[in-house]
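# Examination of the molecular architecture
Single-letter residue listing:
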Amino acid sequence: MSSRKGYIRISFYCRRIVHETSCFLRPLSRAGKAAAFSGALLILTTGAASAVTLTVKSTADAGGTCPGSDCTLRQAIATAFAGDTINFVLISNSIITLTSGELLINATLTITGPSSALLTVQRSFAAGTPDFRVFEVVGNAINIGISNLTMSNGSSPDNGGGLYLHGGGASTQGPALTLTNVSISGNAARNGSGGGIYKTAGALFIVNSTVSGNSATADGGGIYNVGTGGDTGNLI
């Protein structure tokens, strides 16, 4: 933008981020004129953020950049905004081996694998791996969909060896989780209940899925449903 008498020269620059393009308006005047804009920064956006799809391309436990050629599942979950989708471009029969801890989901999200026979997300079998479950889903009034993958070898020191579903804070409303074409197998609750799944709040829908070969030292080797307020039931 050119300068005219009585005006200060300004310019725009824009940058593209995952969910929106932001344009910044800053003064390019000399010091005396710039003083009038002290501390001013105008940010213009092209519109409301829209949902995107992040593609996992690495079976590593963590790290990478999403989107990117080394995007991992853990990083994709951390990068995702509410309403986003995570899918996978991996070789057949891929195994994502978790070594550092569970995968925590606390916002509306869809995770879509290729098939429960073609993708497994599992806690590492290596000696010295600490006990942790595969997924923890926590929140209120959020909707999560997980499909077409296997959860295996979770080992919780208390409840929910494979997956733990509960509300945030003191609320019993909880999240709504739908599992479709999922296999939950070989998980254990070492000192509690729900070897495969432990649920204390929210809604759990299980469609065309298998929960087998899990164990618990207390109750519910496969699924343990506490059934507190806010529970809207199960569909198997």
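Rules of the game
- Each chain carries its own residue numbering, running from 1 in the written order of its sequence.
- Under the rules for a predicted model, residues below a pLDDT of 70 receive no local features and side-chain atom pairs below 80 are neither given nor counted, while totals for whole chains, interfaces and linings still include all residues.
- With hydrogens and water excluded, all non-hydrogen atoms of the structure serve as input to the side-chain values.
- The score called pLDDT rates the predictor's confidence residue by residue, from a low of 0 to a high of 100.
- Residues count as neighbours in contact if any of their non-hydrogen atoms are within 4.5 Å of one another.
- A run of H or I in DSSP counts as a helix once it spans at least four residues, and a run of E counts as a strand once it spans at least two, with each numbered from the N terminus.
- Under the scheme applied here, a residue whose accessible area is under 20% of the maximum for its type counts as buried, over 50% as exposed, and between as partly exposed, the area being computed with a 1.4 Å probe on protein chains only.
- Here a polar contact means two N or O atoms within 3.5 Å. Within protein one must be a hydrogen donor candidate and the other an acceptor candidate, and residues neighboring in sequence count only if both atoms are side-chain atoms.
- For this analysis, a salt bridge means a side-chain nitrogen from Lys or Arg found within 4 Å of a carboxyl oxygen belonging to Asp or Glu.
- In this description, the term disulfide denotes a pair of cysteine sulfurs within 2.5 Å.

### Some thoughts on the confidence of the model for the protein
In the predicted model, the protein carries a mean pLDDT of 83, and 73% of its residues have values of at least 70. The low-confidence segment residues 1-5 (pLDDT under 50) makes 3 contacts with residues lying over four places distant or belonging to another chain. When the criterion is pLDDT under 50, residues 228-236 qualifies, and its contacts beyond four places in sequence or with other chains add up to 25 contacts.

### Let's talk about the environment of Ser147
In this fold, Ser147 is placed in strand β11 (residues 143-152). Given the relative accessible area of 13%, Ser147 is considered buried. Here the alpha-carbon distance between Ser147 and Ser209, two residues 62 residues apart in the chain, equals 9.1 Å. Side-chain polar atoms of Ser147 contact the side chain of Asn148, separated by 3.5 Å.

### Points about the pattern of salt bridges
Using the criterion set out here, one finds 5 salt bridges in the structure. Between Arg74 and Asp61 there is a salt bridge, and its shortest N-O distance comes to 2.9 Å. Taken together, the residues Arg74 in helix α2 (residues 73-79) and Asp61 in the loop between β4 (53-56) and α2 connect sequence positions 13 residues apart. One exposure class covers both Arg74 and Asp61, and it is buried. A salt bridge links Arg133 to Glu102, with the nearest nitrogen and oxygen atoms 3.0 Å apart. Here Arg133 is found in the loop between β9 (119-123) and β10 (135-138), whereas its partner Glu102 is found in the loop between β6 (94-98) and β7 (103-105), with 31 residues between them in sequence. You can call Arg133 buried: its relative accessible area is 10%. It is possible to trace a salt-bridge network through shared partners that takes in Glu102, Arg133, Glu136 and Asp158.

### Some remarks on the state of the cysteines
Here, disulfide denotes a covalent bond that connects the sulfur atoms of two cysteines. Evaluation of the coordinates by the stated rule reveals 1 disulfide. Covalent S-S linkage joins Cys66 and Cys71, the inter-sulfur distance amounting to 2.0 Å. A torsion of 100° about the S-S bond marks the disulfide between Cys66 and Cys71 as right-handed. Accessibility assignment for this pair places Cys66 and Cys71 in one class, buried.

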